[in-house]
Amino acid sequence: MDAKPIFSQATRKGPRKTLDSARLKSHQRLHAVAVSSLSLLGCLAALTLVCLGRPPGAVEVGLFLGGFLFTGFGVNIGLHRHFTHRSFQAVTPVRVALAILGSMAAQGPVVFWVALHRLHHEFSDQPGDIHSPHFHGEGWWGSVRGLWHAHVGWTFDHAVPNAAYYAGDLLRDRAIAPISRTYFFWVFLGLLIAAVLGGVLTGTWMGALTGFLWGGPVRIFCWHNMIWSITSCAHFFGERPFDADDRSTNNFWFAIPTLGESWHNNHHAFPNAAMAGLEWWQIDPSGWVIRALEKLGLVWDVKIPTQAMRRAKARAI
Ligand SMILES: [Zn+2]
Ligand SMILES: [Zn+2]
């Protein structure tokens, strides 16, 4: 396998791709530990309440599903397909809304998320890929270690991408850069909305608490694991209909909970495509929302690979 350079240092050719900053690394690690442990604690608290006879009612289920869908679409449609890959263009209010909703998923500021994901595509399943499951030894134990690393282990210790190199366009984006800089405010606002709606809709303080738990930490924990299932399972299990120059895979079984991101081999083969599902049966709710926004005239220049492009990349079976 070709080994691409991992850490390009400052050279006459241009800026570094990753930063050797102990301060940035410790901030990144602290964020990962805080989000993982607090969302897990929130899940345990919600489960404890269930055991004590307070199962989630319609309000809690609504806040969980609503928050999951809105922030999930914020990540998939906004952070991923629009800001990272420019797979469509959108009016500014839609871009702002997508950046805010994506930030509420608590996966890092927009600029950081985009820089990290562009780095992943550059080195996908090669040395330098921050979350490939394929470099952790042979046999079943190597697979287990690789899947653990690709799912969540990588979040605690990975190269910090240089945003100036990978996401300079967003650093200069006057609508999006301020949202990225105020990331923690949007995470907090997402939690506050869940608590306030829970309290108002039930008229009780307990409703505020359970609304917060199901619409906040439980929602964040579940969506994190959906995105991590892409970084782990969708580079390990499943089908590879296209030659994408890596080991990305398509998986039908988690297309719905990932809101369409599990067609990951399609995505790596055509990273600038707005639709991850390319066949009629490939469920892609995020792509459907992009199509609906296009019909409303709010997005345009929606990029879809042609049949000729698909045939050119189809793998011989
Ligand atoms: Zn990937
Ligand atoms: Zn991507």
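Residues numbered from 1 in each chain as written. Chains lettered and ligands numbered in written order. Predicted model: local features only at pLDDT ≥ 70, side-chain atom pairs only at ≥ 80, totals over all residues. Heavy atoms only, no water.

Taking an unreviewed UniProt entry as the reference, the protein is identified by name as Acyl-CoA desaturase belonging to Gloeobacter morelensis MG652769. UniProt's Sequence similarities (unreviewed entry) comment on the protein is quoted here verbatim: "Belongs to the fatty acid desaturase type 2 family." Entered under Subcellular location (unreviewed entry) in the UniProt record, the comment concerning the protein runs "Membrane". (UniProt positions renumbered as here; feature names shortened; annotations may be inferred.)

1. Focus: the UniProt feature "domain: Fatty acid desaturase" (unreviewed entry) in the protein
When the UniProt feature table is mapped onto this chain numbering, "domain: Fatty acid desaturase" (unreviewed entry) sits at residues 63-286. Helix makes up 57% of residues 63-286 and strand 2%, with an end-to-end C-alpha separation of 19 Å. (Helix = DSSP H or I, 4+ residues; strand = E, 2+ residues; numbered from the N terminus.)

2. Description of the coordination of the zinc ion (ligand 2)
Donor atoms from the polypeptide that coordinate the zinc ion (ligand 2) comprise H80 (NE2), H85 (NE2), H117 (NE2), H121 (NE2) and H267 (NE2), at 2.0 to 2.1 Å from the metal. Mapping the donors of the zinc ion (ligand 2) onto the primary sequence yields the spacing H-x4-H-x31-H-x3-H-x145-H. Here H80, found in helix 2 (residues 58-84), pairs with H267, found in helix 12 (residues 264-269); they are 187 residues apart in sequence, far enough to count as distant. (Donors = N, O, S within 2.8 Å, 3.2 Å for Na, K, Ca; no water.)

3. A look at the environment of G78
Looking at the secondary structure, you find G78 in helix 2. When the C-alpha positions of G78 and I100 are compared, they lie 9.1 Å apart, and in sequence the two are 22 residues distant.

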